[in-house]
Amino acid sequence: MKKNVTRRERSMFSSSDDTAMMKQIQATHAPDGREFSVKPLLHIVENIFLRATPALGMTSIVQQQGVHQAQLDELEEKALQNGFHETIEMLSYNINKISCEMSCKCSGGGDAHATTLAIFNLVSNYSWDEKVVLALAGFAVNYGEFWLVAQLYLTNPLAKAVALLKQLPDIIERADNLKPKFEALTSLIKAMMDVAKCIVEFKELPSQYITPDTPEMLTATAHIPTAVYWTIRSIVACASQIMGLIGMGHEYIASTTEAWELSSLAHKVNNIHSHLMKQLTLCFQHIDEKRHIEAFQTLVSLFEAFHIENMKILKALIYAKDDQLPLFDGSTKKRASLDVLRRRSVLLLISDLEISHEELSMLQQMYTEAREQQGRPESQYEVVWLPVVDRSSPWNEAKQKQFEDFQKMMPWYSVYHPSLLDVAVIRYIKEVWHFNKRPFLVVLDPQGRVVNPNAIHMMWIWGSLAFPFTSMREEALWKEETWKMELLADSIDQTIVSWIDQGKYICLYGGEDIEWIRKFTVTAKEVASKAAITLEMLYVGKSNPREKVRKNNSTITTEKLSNVLPDLAWIWIFWLRLESMWHSKVQHKRTVENDVIMQEIMTMLSFDGSDQGWAVISRGPAEMAKAKGETILKSLVEFEIWKDSVQEKGFLPALIDYLHQLHSPFHCNRLILPGATGSIPEKVVCAECNRPMEKFIMYRCCTD
């Protein structure tokens, strides 16, 4: 398919006739190296074409393009920029020579190619973009003069006299007959201007990002001479039409042949423009890639360098011009400058537009609690939301509303709009900070250094106690921890704290099988009664709690089987904290082999990955008894076998010993973690047998 497109494109630019003509054109090309900026001249030419309005009843270029007066004024202002008068002074002689060449050659209806060749000889010392703009300027003089007289002849005596000599009143009286011709003329002029602008854009591409030997530029360069030829050939055709109107009779005016010729040329020139624009788009893509690579490397270097304060880093991350306020303050609902973050610890909340309301609610709660403790170190930080959105799909009203809804819910700062994050910044976030869907918090200290690549796990585990959220603080907090009920479930329900204080035995259990839940809770209560211990039981369901867990909560409450967490969000938080513990440990290179807490976390997550129930029973800082559903239920059903050892060892040690006896060397543990939560280690070993676990990818849609 690609070969066919290329062949068609080649034929567009070089038919056998074109090839012979182009050899003649190339022979005239002898640039002397002197260059000038063609942009102001092109603006003047465009201004003339747009203001040269044909007579009543005909469509002007202005009408065709929907140009407003403000745009015309802006175009005029651009044309009269510094240096323009010097440029015109240098070029006016050549422009007038081209104008005269067209007036003379086109009046007699001569050979179009010969006239085009004559113009090429006049502009032989110029580059291709200069040739086409000079030719357009020469034509614009004739075209502008023609319509200036036509517009003024009714109100200006001098214009009226000139118009009479040129027979313009007669032409305007026959406006209806001329309409197809002028429609075709304005269409062709627009096509010529489009090609000229395109050629000028090629010339102005930044040389530091794209060189003449770049494949995209080589292809364009090969096409530009032909594009210039057909544009100047079209200029000659337009000039012939204008000159032909002057002093010609009714028969010429009524003819439609010329309109057809102009339409055919417009079709050809438009096709040339389409091909050049495709090539220009490829060049822009090449430049964007180079710019993004440069911006990315600059960002990498900035983060590696030492800074006295954080502003240089923040300005590199969040697009900030002097006239812009790039932040949105969630507390005041007003825009703010980056200065509000100067020399502050900054937590960059990075997410897409799919951040869960539970996570957002938890972060809000922690942030609000910290803000209520003004003056304490825990409150000395700012949070900024950086929304990472997919640039490949168009930004629409639905996305804008989704973004604004989240922005309004956040009490902290956010970027005013996702477009303020450069493509290079998004690449850095994905490649260096490993963002992959799940929200995370990058911590920058007051100097802008990354002191924690992801503090979100610290937040879930310890809340504001984690301040200043550095990796060193995370390491220190773990050194203070042991595996006990306070770490496992302290933050999910205040009643657990009171159970611990009262020295009660606490049982956490989960799973979705309601029949197993009934058997287990009833049996556990019976054993507690026989062993004369006070046992409190709490159902914590399953990670990603859904309808089954909701129904189980309702059944457990109705049948008074045990305590429950009334809000499913708290069940979600229980498991989120466990996942966060796992990720936090992985971030610090901890494994089952070298970390006891990691082993316990893995066991809990493996319980959740199984299809059956499970339970852990503890009291105070003592070791926990834990097992999957069938094993823990069997140990309680067989209480009579090990009850005598309770007197000697205590309830928990006796239960743990009996569970060890029931333990089978044959087992299958599943560790199910969300796949987009940051770094996933290549090797994970089983918490029970220390053998490497097999790695699988699982896609799951739990709709119950």
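Identification of the protein as Protein SIEVE ELEMENT OCCLUSION B-like from Populus alba x Populus x berolinensis is taken from an unreviewed UniProt entry.

Turning to the sheet that holds strand E7 (residues 450-452), a few remarks are in order. Taken in spatial order, the seven strands of this open sheet run E2-E1-E5-E4-E3-E6-E7, and their pairing is mixed. Where the open sheet ends on each side, the last strands, each with one partner, are strand E2 (334-336) and E7. In this sheet, neighbouring strand axes are inclined to one another by 35 degrees on average, regardless of whether the strands run parallel or antiparallel. Taken together, the two bridges between strand E4 (residues 381-387) and strand E5 (residues 413-415) define a ladder with parallel strand orientation. Of the residues in E5, the one forming a bridge with Trp-385 is Ser-414. The sheet contacts of helix H17 (residues 397-409) involve strand E1 (327-329), E4 and E5, and relative to E4 the element is tilted by about 170 degrees.

Turning to the pattern of salt bridges, a few remarks are in order. Counted under the stated rule, the structure contains 27 salt bridges. Lys-634 is the salt-bridge partner of Glu-638, the closest N and O atoms lying 2.7 Å from each other. Residue Glu-638 is classed as buried on the basis of its relative accessible area of 19%. Lys-634 gets classed as partly exposed once you look at its relative accessible area, which sits at 41%. When salt bridges that share partners are traced, they join Glu-309, Asp-339, Arg-342 and Arg-343 into one network.

Right, let's talk about the packing of aromatic side chains for a bit. To describe a pair of aromatic rings, one takes the distance between the centres and the angle between the planes. Counting across every chain of the model gives 34 aromatic pairs. Each ring, one from Phe-120 and one from Trp-128, has its centre 6.4 Å from the other, and the planes form 65 degrees; the classification is edge-to-face. The pair formed by Phe-120 and Trp-128 is uniform in burial state, with each residue classed as buried. The interplanar angle of 35 degrees and the centroid separation of 5.9 Å between the aromatic rings of Phe-435 and Phe-440 together place this pair among those described as tilted. Per residue, the accessibility class of Phe-435 equals that of Phe-440, and both read buried. A network of ring pairs unites the aromatic residues Phe-49, Phe-139, Tyr-143, Phe-146, Trp-147 and Phe-182 as a single cluster. Against the face of Tyr-416 rests Arg-335, its NZ or CZ located 3.6 Å from the ring centre.

On to the environment of Pro-31, then. Looking at the secondary structure, you find Pro-31 in the loop between helix H2 (16-28) and helix H3 (39-51). It is 6.3 Å that separates the C-alpha atoms of Pro-31 and Ser-124, two residues lying 93 residues apart in sequence. Residues contacting Pro-31, with those up to four places away along its chain left out, are Ser-124, Asn-125, Tyr-126 and Ser-127.

Another point: the sheet that holds strand E8 (residues 505-510). Consider a sheet: its strands pair through backbone hydrogen bonds, and that pairing is either parallel or antiparallel. Judged by pairing direction, the sheet is mixed, and its five strands sit side by side in the order E10-E9-E8-E11-E12 without closing on themselves. The outermost strands of the open sheet, each flanked by one partner alone, are strand E10 (563-564) and strand E12 (625-628). With five bridges connecting them, E8 and strand E11 (residues 614-618) associate as antiparallel partners. Note on E11: the bridge partner recorded for Ile-506 is Ser-618. Across the sheet, helix H24 (residues 547-558) lies against E8, strand E9 (535-539) and E10, angled at about 150 degrees from E9, the strand it touches most.

A few words now on unusual backbone geometry. The step from Phe-467 to Pro-468 runs through a cis peptide bond, and the omega angle for that step is 10 degrees. Mapped onto the fold, Pro-468 is located in the loop between helix H19 (456-462) and helix H20 (471-480). In this structure, Lys-333 is a non-glycine residue whose phi angle is positive, near 60 degrees. Of note, Lys-333 is situated in the loop between E1 and E2. A relative accessible area of 40% places Lys-333 in the partly exposed class. For Ala-532, which is not glycine, the phi torsion reads 60 degrees and is therefore positive. Position of Ala-532 relative to the elements: it lies in the loop between helix H23 (514-531) and E9.

Where E11 lies against E12, four bridges are found, and the strand directions are antiparallel. Note that in E12 the partner of Trp-614 across the bridge is Lys-628. Counted between consecutive antiparallel strands, the loop separating E11 from E12 contains six residues, among which Gly-620 sits at a positive phi close to 65 degrees.

Looking now at the side chain of His-113. Summarising the element assignment, His-113 is placed in helix H7 (residues 112-122). A polar side-chain atom of His-113 sits 2.7 Å from a polar atom in the side chain of Gln-24. Residue contacts for His-113: discarding those within four places in its chain leaves Met-21, Gln-24, Tyr-229 and Arg-233.

The subject of this paragraph is H7. Within the span of H7, buried status applies to His-113, Thr-115, Thr-116, Leu-117, Ala-118, Ile-119 and Phe-120. Its side-chain oxygen 2.8 Å from the backbone nitrogen of His-113, Asp-111 forms the N-cap of H7.

About the cut-offs
- Sequence order as written defines residue numbering, which begins from 1 separately in each chain.
- Where local features are concerned, this predicted model is filtered to residues with pLDDT of at least 70; where side-chain atom pairs are given and counted, the filter is 80 or more; whole-chain, interface and lining totals use all residues.
- With hydrogens and water stripped out, all remaining heavy atoms of the structure feed into the side-chain values.
- Strand pairing is assigned whenever DSSP detects at least two bridges linking the two strands.
- Strands here are runs of E lasting at least two residues and helices are runs of H or I lasting at least four, both read from the DSSP assignment and numbered beginning at the N terminus.
- Axis definition: a line fit to C-alpha positions, over the contact stretch in the case of helices; interaxial angles, taken between N-to-C directions, run 0 to 180 degrees.
- Between two residues, a contact is recorded if the distance between any of their heavy atoms is within 4.5 Å.
- Put simply, a salt bridge is a Lys or Arg side-chain nitrogen that is within 4 Å of an Asp or Glu carboxyl oxygen.
- Three labels apply to residues, based on accessible area from a 1.4 Å probe with only protein chains included: buried if under 20% of the type maximum, exposed if over 50%, partly exposed otherwise in between.
- Aromatic rings from Phe, Tyr and Trp, taking only the six-membered ring of Trp, are treated as a pair when their centres fall within 6.5 Å; an angle between ring planes under 30 degrees marks them as stacked, one over 60 as edge-to-face, and anything in between as tilted.
- Two conditions define a charge located above a ring, namely a distance within 6 Å from the ring centre to NZ of Lys or CZ of Arg, and an angle within 35 degrees of the ring normal.
- In protein, a polar contact requires one atom able to donate a hydrogen and another able to accept it; more generally it is a pair of N or O atoms within 3.5 Å, and residues adjacent in sequence count only if both atoms are side-chain atoms.

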